[in-house]
Amino acid sequence: MVNSFYIFSPLLFYVVFLRASLDPVLNLTKVAGIGMGAILNLVVVCFFIVVCFIKKFELPKSFFKVWFLFVSVGLISIVISPDKVGSARSFFSVLTYFSIFSLTFYFIKTKEDFAGIVRLIVYSSIIPFLFVFKEFALPAASTTKDGFRLFASFSHPNIFAFYLVLVVSMCFYAMKSKVILFTPKFIQHAKYIMFFGICCLVLTKTRSAWAALLVVFTIYGVIYERKVLLYLTVLACIGMLVPAVQERVLDIFSGVTADDLEYGEVLNSYTWRQIVWAASWDYIIDKPLLGHGYDTFSYYFLDFFPLEGSTKFDAHNAYVQIAFDMGFVGVLGFLLIFIFVIKEMLVFYKYDKPGTAILIGLILSYLLVCYSDNMFFYLSYNWYFWLVMGAFYYLSRIETATAQGVSNDFS
């Protein structure tokens, strides 16, 4: 049976499939910070609205339960923002995540539909991998102050790294799931892509993404297959023998701490972030409920952290960023999204222990990395992540209702 996702809209399929490869093209179209990327975002949100109209607003209660609080506070935060245009533009990205998550309700009706989403994500990596070969041939463009770092078709090595964590996890899922079955040919492809993806992930030099993938494999090992923990330990030891890996890991512990800082000394990135988070605290507790406005951390940055001169930064911590922008109500709304999804994962666990263990590891790794990165700002990666989360959320509800022999109203 042909997957309904492809039938319903070839346009949407190709937009999502190619999104990982489009940054180089989209960046060329930007004028005053707006380009074709904004149009693609608008297409996704409008498509969601059109589908709702076509389906006569047959909406599940989960539309409002999972995302309602976070989206509502986000819209309020635009109104109270001192930079309403900037906040609205930034928050529109969040609306695309919500739209992609919610659209899966209409597309995911069978296990084969979910398998189609997994294949889409795995094969979406082919074009970015072609960019990697260009980087090896012309390394100068990929050399930063931290040395050679892969970024493929993405605008930053970190975004490519987190995308790779998702791709590798989906490859691993295809190999291990006991309920969502894949053809031997695809599983063979997944093995090759997984191996190449891990190699590329190492060369992104993104430590938080390394940790994220370790979390996925560790959770899987603890929950289902303990021998994986032994493999991880051996691979971690081998990895630390690689000079580039060793240098990046040891850098976390290098430099002075915030308590020992003296004038003129150089901070490592983690210590610098801790100082920034501490500096923003007074502003956070000044407006603890709804915050200062979506994506206003950088707007106020030089007010509470003037040491940077004229350079503005984001929080590099999703929880601090959301608390500043949307208050603690926004943080609660953000966490509720994951709580509802994890709840469905725990329900589905009895049907597919190994596959669900991988997805639980994936979502916990996302929450972990939120501590050191503004994960919600990585648009292309989030499209794929929330596509998986939405697809699994509704698949779980379908399978559970079917197993119980009850009518499925997705309440």
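Nothing here was measured: the structure is a model prediction, and the numbers come from that model. (Residues numbered from 1 in each chain as written. Predicted model: local features only at pLDDT ≥ 70, side-chain atom pairs only at ≥ 80, totals over all residues. Heavy atoms only, no water.)

### Quick notes on the overall build of the protein
A count of helical and extended segments in the protein gives 18 helices and 2 strands. A burial count over the protein gives 52% of its 411 residues as buried. Here the contacts in the protein between residues at least 6 apart in sequence split such that 74% fall between residues at least 24 apart. As displayed, the protein offers around 18,600 Å² of accessible surface, 69% of which is attributable to carbon and sulfur atoms. (Helix = DSSP H or I, 4+ residues; strand = E, 2+ residues; numbered from the N terminus. Buried < 20%, exposed > 50% of the residue type's maximum accessible area, 1.4 Å probe, protein only. Contact = heavy atoms within 4.5 Å. Areas by Shrake-Rupley, 256 points an atom, 1.4 Å probe, with all protein chains shown as cover.)

### Some points on the packing of helix H4 (residues 36–54) against helix H6 (residues 84–107)
Put simply, H4 and H6 touch, their axes get as near as 9 Å, and they point 40° apart. Comparing the axis directions of H4 and H6 gives the class oblique. Note on packing geometry: the crossing formed by H4 with H6 is left-handed. Contact with H4, carried on its side by Asn41, Leu42, Val44, Val45, Phe47, Phe48, Val51 and Cys52, involves Phe92, Ser93, Leu95, Thr96, Phe98, Ser99, Ile100, Ser102, Leu103, Tyr106 and Phe107 of H6 and no other residues of that element. Among the residues forming the contact of H4 with H6, the class breakdown is 14 nonpolar, 5 polar and no charged. (Axes fitted to C-alpha atoms, helices over the stretch in contact; angles between N-to-C directions. Parallel < 35°, antiparallel > 145°, perpendicular 65-115°, else oblique. Left-handed = near helix turned anticlockwise from the far one by under 90°. Nonpolar A, V, L, I, M, F, W, Y, C, P; charged D, E, K, R; others polar.)

### Concerning the packing of helix H7 (residues 111–123) against helix H10 (residues 184–204)
Put simply, H7 and H10 touch, their axes get as near as 11 Å, and they point 40° apart. Taken together, the axis directions place H7 and H10 in an arrangement best described as oblique. You can see that H7 and H10 cross each other, and the crossing is left-handed. Contacts between H7 and H10 pair Arg119, Val122 and Tyr123 from the former with Phe186, His189 and Ile193 from the latter.

### Some thoughts on the pattern of salt bridges
When the charged atoms of two side chains with opposite charge come close together, those side chains can pair. Scanning the entire structure with this criterion turns up 5 salt bridges. A salt bridge links glutamate 225 to lysine 227; the shortest N-O distance between them is 3.5 Å. Several salt bridges share partner residues, and in doing so they unite Lys176, Glu225 and Lys227 into one network. (Salt bridge = Lys/Arg side-chain N within 4 Å of Asp/Glu carboxyl O.)

### So, the side chain of serine 77
Its place among the elements puts serine 77 in helix H5 (residues 62–80). A distance of 2.6 Å separates the side chain of serine 77 from the backbone oxygen of glycine 74, its partner in a polar contact. Of note is the side chain of serine 77, whose polar atom sits 3.3 Å from the backbone nitrogen of tyrosine 294. (Polar contact = N/O pair within 3.5 Å; in protein donor to acceptor, adjacent residues only side chain to side chain.)

### Comments concerning unusual backbone geometry
In this structure, alanine 152 takes a positive phi of about 50° despite not being glycine. Take alanine 152: it is sitting in the loop between strand E2 (147–148) and helix H9 (157–176). Classification of alanine 152 as buried rests on a relative accessible area of 4%. Positioned with a positive phi, aspartate 295 is a non-glycine residue whose angle comes to about 60°. Relative to the elements of secondary structure, aspartate 295 occurs in the loop between helix H14 (269–286) and helix H15 (297–304).

### As for a nonpolar patch on the surface
A contiguous nonpolar patch, built from Ile126, Ile127, Leu130, Phe133, Phe136, Val202 and Leu203 and spanning about 590 Å² of accessible area, is present on the exposed surface. Counting residues per element, the ones that place at least two in the nonpolar patch are helix H8 (126–137) and H10. Among the structural elements, valine 202 can be located in helix H10. (Patch = residues over 30% accessible without salt bridge, like charges linked within 9 Å, V, L, I, M, F, W, Y side chains within 5 Å.)

### Points about the environment of phenylalanine 328
Mapped onto the fold, phenylalanine 328 is located in helix H16 (residues 318–348). Among all residues touching phenylalanine 328, those that are not within four sequence positions of it are Trp281, Ile284, Pro288, Leu289 and Ala323.

### Points about the nonpolar core
Residues Trp67 and Trp386 are the most contacted members of the largest nonpolar core, which totals 132 residues. By residue number, the principal contributor to this core is H9, which donates 15 residues. Each residue touching tryptophan 386, except ones within four places of it in the same chain, is listed here: Trp67, Tyr97, Ile100, Phe101, Ile337, Phe338, Tyr366 and Phe376. (Core = buried A, V, L, I, M, F, W, Y, C linked by side-chain atoms within 4.5 Å.)

### A word on the confidence of the model for the protein
Mean pLDDT over the protein stands at 86; residues scoring 70 or higher make up 89%. Here helix H1 (residues 4–8) stands out as the element of the protein with the lowest mean pLDDT, 50, in contrast to H9, whose mean of 96 is the highest. Within the model, the stretch residues 256–266 combines pLDDT values under 50 with 12 contacts to residues more than four positions away or in other chains. (pLDDT = per-residue confidence, 0-100.)

### Some points on the environment of arginine 248
For arginine 248, the position within the fold is in helix H13 (residues 243–251). A sequence separation of 41 residues divides arginine 248 from arginine 207, and the C-alpha atoms of the two residues are 7.1 Å apart.

### Some words on the packing of aromatic side chains
Taken as a whole, this structure holds 60 aromatic pairs when the rule is applied. With a centroid separation of 6.2 Å and an interplanar angle of 65°, the aromatic rings of phenylalanine 101 and tryptophan 386 are classed as edge-to-face. In this pair, phenylalanine 101 sits in helix H6 while tryptophan 386 sits in helix H18 (residues 379–404), placing the two residues 285 residues apart along the sequence. When its relative accessible area of 1% is taken as the criterion, phenylalanine 101 is described as buried. Overall, tryptophan 386 belongs to the buried group, its relative accessible area being 0%. Between tryptophan 272 and phenylalanine 313, the aromatic rings sit 5.0 Å apart at their centres with planes inclined by 70°, giving edge-to-face as the arrangement. Placement of tryptophan 272 in helix H14 and of phenylalanine 313 in the loop between H15 and H16 is noted, with a sequence separation of 41 residues between them. (Phe/Tyr/Trp six-rings, centres within 6.5 Å; stacked < 30°, edge-to-face > 60°.)

### Looking at H8
Spanning 12 residues, H8 covers 18 Å between terminal C-alpha atoms, matching the ideal 16 Å at 1.5 Å per step. Among the residues making up H8, those that are buried are Pro128, Phe129, Val132 and Glu135. What you see down the axis of H8 is that its buried residues fit within an arc of 100°, all on one side. In H8, those exposed residues whose orientation departs by more than 90 degrees from the buried face are Leu130 and Ala137. Buried residues along H8 sit against E2, H9 and H10. (Expected span 1.5 Å × (residues − 1). Arc of directions from axis to C-beta.)

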